[in-house]
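A closer look at the structure
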Amino acid sequence: QVQLVESGGGLVQAGDSLRLSCAASGRTFSSYTIGWFRQAPGKEREFVGIISWNGARTYYTDSVKGRFTISRDNAKNTVFLQMNSLKPEDTAVYYCATSRNYEYRLSSYDYWGQGTQVTVSS
C-alpha cells in the first residue's frame, strides 16, 4: 500500500550534519504518521522520532532532542530527518516507517523502508 525508500546516509565525522530523506509512493501517504527508527550492530531497533500526518506534531527520543528534526513535505511525498551535531553513538542503519496512529511503539508501524547507513566517526 505504501512503499518507502530512505536515502542520504553516509560517513561523517562527529559534529557534522546529515539529512536523510524518506520518499514514499502509494496511496494516502499524507494520512500516516511517519516514524524514524535506527538499529546499531548487535542492538535492537529503537525509536528515534515521529511526525504527525500534517507535520504539526513531532516527538523524539531523549538522546536526539535538540539535535534531530523531522519535517515532511506531503506535496512531494517525502519526510526528512535533519541530524545535527552527530555523535559516534548515532551510528546505525536508519529506517522510516508508517503508522496509522501518532505513537512511537515499534509494533504500530506497518510499512518500512530498506534503511540507510549512517556512520559517525570520532
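The following refers to the structure shown.

The rules behind each value
- Residues numbered from 1 in each chain as written.
- Predicted model: local features only at pLDDT ≥ 70, side-chain atom pairs only at ≥ 80, totals over all residues.
- Heavy atoms only, no water.
- Helix = DSSP H or I, 4+ residues; strand = E, 2+ residues; numbered from the N terminus.
- Buried < 20%, exposed > 50% of the residue type's maximum accessible area, 1.4 Å probe, protein only.
- Polar contact = N/O pair within 3.5 Å; in protein donor to acceptor, adjacent residues only side chain to side chain.
- Core = buried A, V, L, I, M, F, W, Y, C linked by side-chain atoms within 4.5 Å.
- Contact = heavy atoms within 4.5 Å.

Here's the deal with the side chain of R38
Structurally, R38 is set in strand β4 (residues 33–39). Accessibility expressed as a relative area gives 6% for R38, which makes it buried. A polar side-chain atom of R38 sits 3.5 Å from a polar atom in the side chain of S63. A polar atom in the side chain of R38 sits 2.9 Å from the side chain of Y94.

Describing the nonpolar core
One finds L20, W36, F68, V79, L81, M83 and Y94 to be the most contacted residues of the largest nonpolar core, which totals 26 residues. For this core, the secondary structure elements donating two or more residues are β1 (2–7), β3 (18–26), β4, β5 (46–51), β7 (68–73), β8 (78–83), β9 (92–99) and β11 (116–121). Top contributing element to this core by residue count: β3, with four residues. Filtering out sequence-adjacent residues up to four positions away, L20 remains in contact with S7, G8, G9, W36, V79, F80, L81, M83, Y94, T116 and V118. In this structure, F37, I50, A97 and Y109 belong to the second largest nonpolar core, which totals five residues.

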